[in-house]
Amino acid sequence: MYILVLFIPLLSAIISGLFGRKIGTKGAGILTSSCISISAILSCCIFYETTLNSSAAYIKLWRWFDSDLLTTNFGLQFDSLTSTMLIVITSVSALVHIYSTGYMSEDPHIPRFMSYLSLFTFLMIVLVTSDNYVQLFIGWEGVGLCSYLLINFWLTRIKANKAAIKAMLINRVGDIGLVLAMLLCLIEFGTLDFSAISGLLVTPNINRENVTIICLLLFWGAVGKSAQLGLHTWLPDAMEGPTPVSALIHAATMVTAGVFLIIRSGPLFEVSSLALTIVTILGALTAFFAATTGVVQNDLKKVIAYSTCSQLGYMVMVCGISNYSTSLFHLMNHAFFKALLFLSAGSVIHAVSDEQDMRKMGGLIQSIPFTYTMILIGSLSLMGFPYLTGFYSKDLILELAYDKYYIVFAYWLGSFSALLTAFYSIRLIYLTFITNSNSKKEVLMGVHESSLNITFPLLLLAFGSIFVGYLAKEITLSNVIPPIVSNSIKMIPLLFSLFGAFFAFVIYNSSRLWRSGMNPALGDIRDGILGYQGSSRIARPFYTFFNSAWQFNYIINHFIVGNIWKFGHLITYRVIDRGVLEIIGPRGISNVIIKLTQNISNLQSGMVFNYALIMIVFTTLFISGAPRGFSSIW
């Protein structure tokens, strides 16, 4: 059972990829969806054995490296963390597979797409079931490769090409940190097994400075994979891929890998208070940054993408205050309502002829009421509305942050981010469904609900977005001690969320009030957020700054990437590659050989008197040297 949960997705990917033309598009969809659904059922059985019955399993399959310096086995580790991640990965992936059979029905390359999805799921399972950093790194690189293949699935689109390359390169920057952390772990501990490192950390002669460096390097890797502030720019551009890809990357697989790495490396982080503080600060700043950027985005999928970035900031922030179970709980909750939001957004885009600009939508509530209900449930859960899935983890994270008095600013950043999250969630609903339609007549006339293959996964994810938080809180948070804070502190995030939702509704509903002359200021604020030309001079600079994601792309491209490119061209290429190495290497060797052969060939002049002179000279030398040689012999 434990090995089958890995083997079945791999088998699905191989058959669909190699024999897709034989089994056809329908056969590829049925095969891959069935295989991942079976893996989801097996994951539930594993969760029952390892978590509910507290019976962790460790399986050693074969030995990879066996030397004096390193011994590494290919092993599987199934504990409560792994089993929870398996349920999230396989259940969301199974629903995404089913959804894709309807969403991609008109695409001629469905077998290839389904093969990539199954391979993506397999490599993520390899990542979470590994018992050492080497095996984890294989899954880590694998999901990066699959993200490139899936984002670039429509390979004739230039934007998709650029987005895929950008995601690949930025993740390589983060991977450098993970590789260096593995090397330092090998030097410091002599092993890369999770359990062995955890056991060695209790020894008194541990070097805490080296452990701090290891933790910072591990966090560097997590920053790249989980799109934290600084290496986040690939995440919104990944929206160029098909919508099922966005749902799988953002909800259950790639972006959660960085958070999983921090949770799995928790014993290391507990040794270094400096690393934990940096993790908390960067997580809080990421949550705030992404929330401010999401407020002014007009692309439907990019709004949800920046909300993913913000929620990942919450997960990282709570890891920094040593509450890894709460981070895992929010990761699980987030997977369901974020998959619901992305897949529902795909249903909207599918209905309005592939239009993604919310300003060109509106008035869809009567045409697609089921999709509207799904997005409403997902948005309310994202906002942390009471008694929905997001409420149980999001408010707990903020309470735990407030309990750490030395870093209480993380609580206020998180609370204000909750206000902005509610604002852009209601903004998304209002612009897409409630406001007057801005669509073309032929587009609006053709709006209809999607097929059963699309709506059925949405319905299941809606149940998850409502009930998973309540059902899983006792299991996941069994070792979390609730912080003792006043009721006013507990109510602040909720009040902020309600205020943000109400403020968004008032602003975007202000057109009627503005026309009647009641409140022109609200109309100006709305125009500033939307970026209209008529907005005030005060609002437009803020809109431009936040809409451009705090100018991070400009700063990175012009001040970092540009200088690195110049350095690479002038130093590594012209001075080293085409300079020193070329002179010492191929060109230098060839020049020396050419000159040597020319000098030797000059001796072969072809004239008889030159040859006679050489013979006389060497004969004389031989005769004059012969007696000395003989006398030495005798």
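Note that the structure is predicted; figures quoted are calculated from it, not measured. (Residues numbered from 1 in each chain as written. Predicted model: local features only at pLDDT ≥ 70, side-chain atom pairs only at ≥ 80, totals over all residues. Heavy atoms only, no water.)

A. Here's a closer look at the overall build of the protein chain. Along its length, the protein chain carries 27 helices and 2 strands. Along the three orthogonal principal directions, the C-alpha set of the protein chain runs to about 125 × 60 × 60 Å. When burial is assessed residue by residue, the protein chain has 54% of its 634 residues classed as buried. Contacts in the protein chain between residues at least 24 apart in sequence constitute 78% of all its contacts with a sequence separation of at least 6. With the model as given, the accessible surface of the protein chain reaches about 28500 Å², and the carbon-plus-sulfur share is 68%. Charge-centre separation for the protein chain: the mean point of 37 positive side chains lies 10 Å from the mean point of 29 negative side chains. (Helix = DSSP H or I, 4+ residues; strand = E, 2+ residues; numbered from the N terminus. Buried < 20%, exposed > 50% of the residue type's maximum accessible area, 1.4 Å probe, protein only. Contact = heavy atoms within 4.5 Å. Areas by Shrake-Rupley, 256 points an atom, 1.4 Å probe, with all protein chains shown as cover. Lys, Arg positive; Asp, Glu negative; His and termini not counted. Charge placed at Lys NZ, Arg CZ, Asp CG, Glu CD.)

B. Representation of the environment of Met 114 in the model. Looking at where Met 114 falls in the secondary structure, it is placed in helix H4 (residues 110-129). Residue Met 114 is classed as buried on the basis of its relative accessible area of 0%. Residues Met 114 and Thr 51, spaced 63 residues apart in sequence, show a C-alpha to C-alpha distance of 31 Å.

C. Region of the structure containing the UniProt feature "domain: NADH:quinone oxidoreductase/Mrp antiporter transmembrane" (unreviewed entry) in the protein chain. Taking the UniProt record as the reference, the feature "domain: NADH:quinone oxidoreductase/Mrp antiporter transmembrane" (unreviewed entry) is found at residues 130-421. Secondary structure over residues 130-421 splits into 75% helix and 0% strand, and the C-alpha atoms at its two ends are 35 Å apart. (UniProt positions renumbered as here; feature names shortened; annotations may be inferred.)

D. Main features of the environment of Lys 225. Within the fold, Lys 225 resides in helix H8 (residues 208-225). Take Lys 225: its relative accessible area is 0%, and that puts it in the buried class. Sequence separation between Lys 225 and Ala 257 is 32 residues, and the spatial gap between their C-alpha atoms is 6.6 Å. When near neighbours in sequence (up to four residues on either side) are disregarded, Lys 225 contacts Trp 140, Val 143, Gly 144, Asn 171, Asp 175, Trp 234, Met 254, Val 255, Ala 257 and Gly 258.

E. How the structure looks around the side chain of Ser 497. Along the polypeptide, Ser 497 turns up in helix H21 (residues 487-508). Residue classification places Ser 497 among the buried positions, given a relative accessible area of 6%. Not counting chain neighbours up to four residues away, the residues in contact with Ser 497 comprise Met 383, Ala 418, Leu 419 and Ala 422.

F. View of the confidence of the model for the protein chain. Mean pLDDT over the protein chain stands at 85; residues scoring 70 or higher make up 93%. Low pLDDT, under 50, characterises residues 629-634; the stretch is placed with 0 contacts to residues that sit more than four places away or in other chains. (pLDDT = per-residue confidence, 0-100.)

G. Summary view of a nonpolar patch on the surface. Together, Phe 567, Leu 570, Ile 571, Val 575, Ile 576, Val 580, Leu 581, Ile 583 and Ile 584 line one region of the surface with nonpolar side chains, adding up to about 820 Å² of accessible area. Within the secondary structure, Leu 581 is located in helix H25 (residues 552-584). On the basis of relative accessible area, Leu 581 is assigned to the partly exposed category, the value being 46%. (Patch = residues over 30% accessible without salt bridge, like charges linked within 9 Å, V, L, I, M, F, W, Y side chains within 5 Å. Salt bridge = Lys/Arg side-chain N within 4 Å of Asp/Glu carboxyl O.)

H. Here's a closer look at the pattern of salt bridges. For the structure on display, the rule yields 8 salt bridges. Between Asp 357 and Arg 359 there is a salt bridge whose closest N-O contact spans 3.1 Å. On the basis of relative accessible area, Arg 359 is assigned to the partly exposed category, the value being 32%. When salt bridges that share partners are traced, they join Glu 141, Arg 172 and Asp 175 into one network.

I. Fine view of the packing of aromatic side chains. Applying the stated criterion to the full structure yields 25 aromatic pairs. Ring plane angle 80° and centroid distance 5.0 Å describe the contact between Tyr 411 and Trp 412, whose orientation is recorded as edge-to-face. Assessed through its relative accessible area of 0%, Tyr 411 is described here as buried. Assessed through its relative accessible area of 42%, Trp 412 is described here as partly exposed. (Phe/Tyr/Trp six-rings, centres within 6.5 Å; stacked < 30°, edge-to-face > 60°.)

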